[in-house]
Amino acid sequence: MAETKIFARLKADHDRHRKLLDRIDDTHGDSPDREKLFETFRVEVTAHAASEEMSLYATMLGKPDLRDDAQHSVAEHKEIDDLLTELYEMDFASTGWLTRFRTMKHRYLHHIDEEEEEMFPAAEEGLSEAKKKELAAIFDKEKPKEKAKAAADEPTSEDAEE
């Protein structure tokens, strides 16, 4: 899969994330699926964000015309991570959980829409085909490692304060 351009690879992840978000939103407080789906989403998004930062964002930070976009997106990753930690620590059956989940969902959808509509096209213009393939290879190499790390890691409120 490393031959794929980085932007197609990231968009494919975003599409999976959108589906997971909708499935979680359709759960009910007493549903056994809610916690399982949320954990799948948390691990997937955490690994995606870390791998995206190590590949695309690391390159963008080195380009003055793309640096602000990359810094903005890294800050949004942190915000989403904090919301995921908060949700993880809440009672999954409470109505407050679903309300907070929908806030996180809205923020995450805004983030990925912004990436796809604004940041990716701007970054794509400044990268060679070889660089895009290299970034996709880095992403594909790092994501399984980050996924394993995220699955083993239980978020704590200290994570949200860092």
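Right above here is the structure, for reference.
Treat the numbers as computed from the prediction; the structure is a model and nothing was measured.

If you look at the biggest cluster of nonpolar residues, it comprises 18 residues, and the most contacted ones within it are Phe41, Trp97, Phe101, Met104 and Tyr108. Mapped by element, the contributors of at least two residues to this core are α1 (6-25), α2 (32-61), α3 (64-89) and α4 (95-125). It is α4 that contributes the most residues to this core, six residues altogether. Beyond its immediate chain neighbours, meaning those up to four positions away, Met104 contacts Leu21, Phe41, Ile80, Leu83, Leu84 and Leu87.

The terminal C-alpha atoms of helix α5 (residues 129-152) lie 35 Å apart, and with 24 residues this matches the ideal 34 Å at 1.5 Å per residue to within 8%. The largest bend in α5 comes to about 30°, at Lys143, with the proline Pro144 one to four residues further on. When α5 is considered as a whole, its buried residues turn out to be Lys132, Leu135, Ala136, Phe139, Asp140, Glu142, Lys143, Glu146 and Ala150. Buried-residue contacts for α5 involve α1, α2 and α4.

On to a negative patch on the surface. A contiguous patch of negative charge, built from Asp65, Asp68, Asp69, Glu117 and Glu118, is present on the exposed surface. Contributions of two or more residues to the negative patch are made by α3 and α4. Residue contributions to the negative patch peak at three residues, all from α3. By the element assignment, Asp65 lies in helix α3.

About the cut-offs
- Residues numbered from 1 in each chain as written.
- Predicted model: local features only at pLDDT ≥ 70, side-chain atom pairs only at ≥ 80, totals over all residues.
- Heavy atoms only, no water.
- Core = buried A, V, L, I, M, F, W, Y, C linked by side-chain atoms within 4.5 Å.
- Buried < 20%, exposed > 50% of the residue type's maximum accessible area, 1.4 Å probe, protein only.
- Helix = DSSP H or I, 4+ residues; strand = E, 2+ residues; numbered from the N terminus.
- Contact = heavy atoms within 4.5 Å.
- Expected span 1.5 Å × (residues − 1).
- Bend = angle between axes of the 7 residues up to and from the residue.
- Patch = residues over 30% accessible without salt bridge, like charges linked within 9 Å, V, L, I, M, F, W, Y side chains within 5 Å.
- Areas by Shrake-Rupley, 256 points an atom, 1.4 Å probe, with all protein chains shown as cover.
- Salt bridge = Lys/Arg side-chain N within 4 Å of Asp/Glu carboxyl O.
- Lys, Arg positive; Asp, Glu negative; His and termini not counted.
- Charge placed at Lys NZ, Arg CZ, Asp CG, Glu CD.

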